[in-house]
Amino acid sequence: MKKIIKNKWILFVILIVAFVVLDLQVKNAPLANRGIVLGIGVDRDGREYSVTAEFLSPSNGGVQNYQKNTMLLTEKGKTLDEAFEKMNKTLGIRVSLKHTVLIVLGEDIMKEGDYAPLINLLEGNSVFDDTPIVGVRGKAQEIFNAKPPMYTTVSYRISETLRSPDIEAGVIITNVKDFFRMITCECETACIPLVDVIEGGASETDNDGNKVETDSIELGEIAVLKRSGLKLVLNNGESDGLSYVISNVNEGNIFIERDGDRPPFDVIIVDTVSSKKFDKKTKTYTVDVKMWVREGNSMETDITDSSVKITESMKKAVGETVAKEIMQCFETCKAKQADVFDIAGVLYKSMGKKYKDTFGDNYLENINFNVNVKIIVK
């Protein structure tokens, strides 16, 4: 299920606050003497990295972007440090990464499993370890060419959604710290959301009443990475299944088909919690999911039946749909030996290193995977 990023006018205020806070933190140096990086995109170009940075516009240099208060600059280097040093020379000012709110990995970086750029960014605390990471199909540079809504930027637009307390089905949040924790732990598997841009997919009205065409920025698929690189991309249903287990999903709809010519009914997700356990006797790994839902639009043409009361049979159907999507996610990832549910971590807690003696390296094939879903009507 795709989540179309909603416009938040308050981001304009956040942008102003960022100016003030930064001015206080960097010894009150003039803003024009610093290149404040909001977002970083990393691609491969032969043996070099191609680094794109979205800046708050300094007083000189750079390629002016669609947004008046931001600019884009792309430089290449054998390391990210080299690319940023070239940016320093191009701009005539020092690049500041302390207020970076987004890191975007290009498809080639993900496929190669080249995580050196992320390590490079963390060294010396260049960026904070809670900075969100996303991936893209194609080049990371292309994401920053999108036309975001007025009074915000591409980086803030995506970051604000990932940091929102409202988590829709199919959306996960991964920051730098989470990424390295997962890629280096027992499961050796990390997942990051993919961003897609629909050109001209949205519009707004400016203060003069003129219609302004903008792009729709969407989250909906999830990239699964191992230490060796990108293993697969989950489809929307599989992404939903993963999010039910690793995210506290509290937004979105689940649609259920009905018999005959009646249109499907849907329920609205209110909250989701999950837990995991392993039974050594039966060699069964169990995921327990509790989901709170409320009535949605039944999509009936009869206005008197514009909403439905959720019956026991409907609850059962919703639970079966959720369980099916979780199971599909597991089976798809198992085929690629990608442990997206951190099963190895649960096995390690239960058995220590001995779990490898019992189940081998291909442990996903040698355990039973079970899903229990409880649907609760709010």
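Our structure's up above, just so we're on the same page.
Quick caveat, the model's predicted, so the values are computed rather than measured.

Q: I'd like to hear about empty space enclosed by the protein, residue by residue, with values.
A: Applying the stated criterion across every chain, the model contains one cavity of 30 Å³ or more. Here the largest cavity is characterised by a volume of approximately 40 Å³. Secondary-structure elements contributing two or more residues to the lining of the largest cavity are α3 (107–112) and β11 (229–234). A breakdown of the residues in the lining of the largest cavity according to their chemical character gives five nonpolar, no polar and two charged.

Q: Could you give an account of the sheet that holds strand β13 (residues 265–279), naming the residues involved and the relevant values?
A: Taken together, four strands build an open sheet; the order of strands is β12-β13-β14-β15 and the sheet is mixed. Two strands in the sheet have a free side with no partner beyond their single neighbour: β12 (253–256) and β15 (368–377). When the angles between neighbouring strand axes are averaged without regard to direction, this sheet yields 40°. Here β13 runs beside strand β14 (residues 284–295); their pairing, made up of 12 bridges, is antiparallel. Paired with serine 275 across the strands is aspartate 288, a residue of β14. Here helix α9 (residues 312–334) sits on the sheet in contact with β12, β13, β14 and β15, set at roughly 145° to β15.

Q: Account for the layout of surface pockets, naming residues and giving values.
A: A volume near 520 Å³ is recorded for the largest pocket. As for the largest pocket, its lining consists of 25 residues, of which Arg181, Met182, Ile246, Lys276 and Val340 are closest to the centre. At the level of elements, α7 (176–184), β9 (189–205), α8 (236–246), β13 and α10 (343–351) are the ones that each hand at least two residues to the lining of the largest pocket. A per-class count over the lining of the largest pocket returns 13 nonpolar, seven polar and five charged.

Q: For the environment of methionine 182, give the residues involved together with the corresponding values.
A: For methionine 182, the location among the structural elements is in helix α7. For methionine 182, a relative accessible area of 15% corresponds to the buried category. Between the C-alpha atoms of methionine 182 and glycine 345, which are 163 residues apart in sequence, the distance is 9.8 Å. Sequence-distant contacts of methionine 182, defined by excluding residues within four places in its chain, comprise Cys187, Glu188, Thr189, Ala190 and Asp342.

Q: If you had to explain α10 to someone new, which residues and values would you point to?
A: Within α10 the residues assigned to the buried category are Ile343, Ala344, Gly345, Val346 and Leu347. As for α10, its buried residues are in contact with β13, β14, α9, α11 (354–359) and β15. Downstream of α10 by a residue or two, glycine 352 has a phi angle that is positive, lying close to 70°.

Q: Explain the packing of aromatic side chains to me, using residue names and the numbers behind them.
A: By convention here, two paired aromatic rings are described through the distance between centres and the angle between planes. A complete count under the given rule lists seven aromatic pairs for this structure. A centroid spacing of 5.6 Å and a plane angle of 90° characterise the contact between phenylalanine 179 and phenylalanine 180, whose relative ring orientation is edge-to-face. Here phenylalanine 179 matches phenylalanine 180 in class, with each residue buried. On the basis of an interplanar angle of 85° and a centroid distance of 6.0 Å, the ring pair of tyrosine 355 and tyrosine 363 is categorised as edge-to-face. In this pair, the class of tyrosine 355 matches that of tyrosine 363, namely buried. Counting every residue linked through ring pairs, the aromatic cluster contains Tyr285, Phe330, Phe341 and Phe369. The lysine or arginine in question, lysine 98, covers the ring of phenylalanine 128, its NZ or CZ lying 5.4 Å from the ring centre.

Q: Mind laying out the nonpolar core, listing which residues take part and the relevant values?
A: Across soluble globular proteins, nonpolar side chains have a tendency to be buried as a group. By size, the foremost hydrophobic cluster in this structure holds 84 residues, and its most contacted members are Phe179, Phe341 and Ile343. Excluding residues that lie within four positions of it along the chain, isoleucine 343 makes contacts with Tyr285, Phe330, Tyr363, Leu364, Ile367 and Phe369. Ranked by size, the runner-up nonpolar core spans 21 residues in total, among them Val134, Phe144, Leu162 and Val195.

Q: Can you explain the side chain of serine 50? Please cite residues and give values.
A: Tracing the backbone shows serine 50 in strand β3 (residues 48–56). Discounting chain neighbours no more than four positions away, the residues touching serine 50 are Gly41, Val42, Asp43, Asp45, Thr74, Glu75 and Lys76.

About the criteria used
Residues numbered from 1 in each chain as written. Predicted model: local features only at pLDDT ≥ 70, side-chain atom pairs only at ≥ 80, totals over all residues. Heavy atoms only, no water. 1 Å grid on protein atoms, 1.4 Å probe; cavity = no way out; pocket = protein on both sides within 12 Å on 5 of 7 lines; lining within 4 Å. Points joined across faces, edges and corners; volume = space filled by probe spheres on them. Helix = DSSP H or I, 4+ residues; strand = E, 2+ residues; numbered from the N terminus. Nonpolar A, V, L, I, M, F, W, Y, C, P; charged D, E, K, R; others polar. Pairing = 2+ DSSP bridges. Axes fitted to C-alpha atoms, helices over the stretch in contact; angles between N-to-C directions. Contact = heavy atoms within 4.5 Å. Buried < 20%, exposed > 50% of the residue type's maximum accessible area, 1.4 Å probe, protein only. Phe/Tyr/Trp six-rings, centres within 6.5 Å; stacked < 30°, edge-to-face > 60°. Lys NZ or Arg CZ within 6 Å of the ring centre and 35° of its normal. Core = buried A, V, L, I, M, F, W, Y, C linked by side-chain atoms within 4.5 Å.

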